[in-house]
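# Chain and residue survey
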Amino acid sequence: MIMKLATLWLSTGLHSILTIAHPAGGRREYYCNGHSGKSGYHAHAGVLKYVNPRIGTYGTSPNSNGGMIPSVSVPFGMTCWTAQTRENYISQVPYHDNDTFMHGFQATHQPAIWMGELGQTVIMPGWSDELKPAFEQRGLSFHKEDEVSKPYVYEVLLDADTEGEHDWDLTEAAAGQGPVPGGAGGVPDDVREGVNGRTRKRSAGLKPRGRSIRVAMSALAHTGHLRFSYEDACSSVSSSGPESPYVFIQATRQNWTGHIEIDSENREISGSNPQRQDYKLGPDTPASFNGYFVARFSEPFTSYGTTSGRNISESSQASSGESLGAYVRFSPETTQVEVRTGISFVSVEQARKNLDIEMPNDASFEDTVAQVKEVWLEKLGRVTIEGVNSTDDEHDQRTIWYTGLFHALQYPNDFSEPTGHSPDSPRVFYNGYTDSVHTSNESYYQSWSIWDTYRAEHSLITLFAPERVNGMMRSLLNIFDWSSRLPMWANMVETNIMIATNADVVLANALSRGFRSFNISKAWTAVRKDAYEPPERDTELLYYDREPDTPYEVRAGLTSYMDHGWVDNDRWAESASRTLDYSFDDAACAIVARAAGDNEAAEDLEKRAKNYANLWNSDTQFMQARNSNGSFANETWGWTEGDKWVYTFDVSHDVDGLASLFKDGRRGMKAKLDEHFDGGHNFHSNEPSHHVPYLYSLIGYPNSAADRIRAIAWDNYNATSAGLSGNEDLGQMSAWYVFSALGFYPVNSAGDEYVVGTPFFERISLRLPLGLATGGETGYAGDGERELVISAPGAPKKPYVKSLTIDGERKYQPIITHSELINSRAIVFEMSETPTNWGSGGSA
């Protein structure tokens, strides 16, 4: 998902221009011993040593940025903790790898770069007698060499003596209201880090610092753990005596009224933040929404106060308002402070309970790191990769792959919160649809970027986190109960971002892969409503991208789609893409209908799934939007984040039917695919292109698929901060790479088939999790961990498949079913340096 409005772009040189307008000041210079020492947090990290959370944290514009952060949390955690180098808003995340000033450590709920933040909290240490609460005041410089980011801990060394004000241009206030991009760092493309071996220029001759604050951060699902170590390399003391360390907490920004309270006896700061940046989008009104926090400190306070912007109220214990914060000071002799913070969407009391359950007072920072490390190893440690392509560190395929899986297993987020230490204890969660708190015996999932993730992310979850799938489907159906619609893009509530009802595909995906522990009858009721009931005011509204204050958009234009088989371009925005997506959604709905026993409706939907052909212009050999009178519209109109090229191939559920539309059939489609790629029309940075190279395999040209897939992988992924060519979009960009490296990809994600491409590794062994072969449920016959080995000797230098066997049985077509995958023990690819006839069906 990218932002399409050209009027929202700012110059990538904005940051450097505004830095001149707001002078940065200099750092004090010291010539004493520098800081040394490697932390002991990284022992027994296993494959986590390959994970680089900074991948996807750099880009010269919001759309060329992966939109990722160096986050610390657990898989599917409610809250991620990240270094804050800029204020986030729609089109900007809290961290950019080009930044060199730290402004805080943020508990964030922003799921993607083009979505808004929810109820965030920011914590920042300082070491001076002058309190610096404003964003531009409190920035402390750091060097990239002093930064370490892993899934279980983030570490950085800050210059405590940084002078001046910095980065006002990177604040939400500087950007103004609404979804506008901020400055992108002004680094010219020819020195951009990570583009095929190029590296960003660094300043040379860095001088050692004097006083520093060494920060280590780890986090669990609802809690963050920060360790601030105050280090003085020179043991310097100012003429007025030693300055005292302090910690500042920001509760709210401008225009949002929160509250904050200091409890010195219990060493706590608590508060709330109602900010929800997507408040103009969608029909839901969660009026009582708040993000709550309780921060508990290891050391006693010597003084404290509250702040409003730059205004400081010493000894104030409580306050409310906007731009709100609080601070606590410690004895000048203090060398280390730990801050444990509970986060909740329910209440301050629940935030405190989350803290007591997940991170009690007797839990050391090392305990927290070990716990987070163990949880990630349970997922990523199940995979062992051998035989990778020999290349430089910036293109290490193991780093790309393991980081991709790390990214993909963060979403959707489990927004439920614990009530007790037992896993069987009830859970509570704030429900934005009903604007109330609910109690449940299971998790509640939010952050549904379904237009992006239906393509491969959810198939990946069925393989690597099957124990989550049924609960996710139940969450979708709960949302249907509360709102009367399945979600499109839910960020606490519905935002109506993107198009189509692709939750239909997610439900079909689960059913096709054997997951049944959810109400299938209700699933059919929900998708049937998607398929047959237009949205409110369907014939009145255009339903354009980010149109404010609209009803649930679902299938906008369904009125005309049901009447004559396409969405009219002269009546609805993005009409051509809608028509094609609705055709695929109909195919998915048919799968759900059959699972629910309604075969008659399934047959009707399967016929409607052929509606894609209504956009075919046989003269131009392209898909094209149509008007209400049947005429073709301008060929550049009607597309969602794409054009006629990529959407001509947007028929992943009926590739044979698509091929039959081309002159010369499969050969004609192959020629159009060649023209698409060779003409520079394929933009892997956005999701509609992700399945396209695999179409070669489905029409009999797997050698061409192999060539295109490897080129895409090389050009669009690497192991640096610029390692994603486009927005991650809640795991979809990474899911493409994870699957492609294994050697296959779910082109029709509503079904149960994977299409063979070209494996990247010689051998990859997967210790398959419990529940994978039994629909996500454990304790049944056939359940149990076992190993699957995918071998492809010579794959790094041999791109073409010569033969394929599954448990010794030879496969002649480039298709692997989900059942074959999860029930097999050995998938063996024979690879070749030169093109082969395997899988061609006589077409090669």
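Read on for a plain summary of the structure. (Residues numbered from 1 in each chain as written. Predicted model: local features only at pLDDT ≥ 70, side-chain atom pairs only at ≥ 80, totals over all residues. Heavy atoms only, no water.)

Let us now look at the sheet that holds strand 23 (residues 436-440). Spatial ordering of the open sheet is given by 21-22-23, a layout of three strands whose pairing is antiparallel. Edge positions in the sheet fall to strand 21 (417-418) and strand 23, since each of these pairs with one other strand and no more. The pairing of strand 22 (residues 427-431) with strand 23 spans five bridges and is classified as antiparallel. If you follow Tyr-430 over to strand 23, its bridge partner there is Val-437. (Pairing = 2+ DSSP bridges. Helix = DSSP H or I, 4+ residues; strand = E, 2+ residues; numbered from the N terminus.)

Here we come to helix 11 (residues 520-532). In an α-helix, one turn spans 3.6 residues, which is why side chains three or four residues apart end up on the same side. Taking 1.5 Å per residue, 13 residues should reach 18 Å; helix 11 reaches 18 Å between its end C-alpha atoms and fits that length. Of all the positions in helix 11, only Ile-520, Ala-523, Trp-524, Ala-526, Val-527, Asp-530 and Ala-531 are classed as buried. Considered in projection along helix 11, the buried side chains sweep an arc of 165° and stay on one side of the axis. Among the structural elements, helix 9 (466-483), helix 10 (503-512), helix 12 (558-564), helix 13 (575-595) and helix 14 (599-608) are those in contact with the buried residues of helix 11. (Expected span 1.5 Å × (residues − 1). Buried < 20%, exposed > 50% of the residue type's maximum accessible area, 1.4 Å probe, protein only. Arc of directions from axis to C-beta. Contact = heavy atoms within 4.5 Å.)

For the structure shown, the criterion picks out 34 aromatic pairs. On the basis of an interplanar angle of 75° and a centroid distance of 5.4 Å, the ring pair of Tyr-444 and Trp-482 is categorised as edge-to-face. With Tyr-444 in the loop between strand 23 and strand 24 (445-446) and Trp-482 in helix 9, this pair connects stretches of sequence that are 38 residues apart. Since its relative accessible area comes to 1%, Tyr-444 is described here as buried. Given the relative accessible area of 23%, Trp-482 is considered partly exposed. The ring centre of Tyr-152 lies 4.8 Å from the NZ or CZ of Lys-373, which sits over that ring. It is Arg-626 that lies over the ring of Trp-566; its NZ or CZ is 4.0 Å from the centre. (Phe/Tyr/Trp six-rings, centres within 6.5 Å; stacked < 30°, edge-to-face > 60°. Lys NZ or Arg CZ within 6 Å of the ring centre and 35° of its normal.)

Pairing between strand 14 (residues 303-308) and strand 15 (residues 311-314): four bridges, direction antiparallel. Bridge assignment links Ser-308 to a residue of strand 15, and that residue is Asn-311. A loop of two residues connects strand 14 with strand 15, the two strands running antiparallel in sequence, and Gly-309 in this loop sits at a positive phi of about 65°.

Residue placement: Pro-332 occurs in the loop between strand 17 (324-329) and strand 18 (336-344). Remark: the alpha-carbon pair of Pro-332 and Tyr-246, spanning 86 residues in sequence, is separated by 9.5 Å. Among residues more than four places away in sequence, those in contact with Pro-332 are Pro-242, Glu-243, Ser-244 and Pro-245.

So, on to the sheet that holds strand 19 (residues 383-386). Sheets are built from strands that pair by backbone hydrogen bonding, the pairs being arranged parallel or antiparallel. Pairing is mixed in the open sheet, where six strands are placed in the order 19-32-33-37-34-35. Here the strands that pair on one side only, and so sit at the sheet edges, are strand 19 and strand 35 (809-811). Ignoring strand direction, the axes of neighbouring strands in this sheet form an average angle of 20°. As paired strands, strand 34 (residues 800-806) and strand 35 are joined by three bridges and run antiparallel to one another. For Thr-805, the partnering residue across the bridge sits in strand 35 and is Arg-810. (Axes fitted to C-alpha atoms, helices over the stretch in contact; angles between N-to-C directions.)

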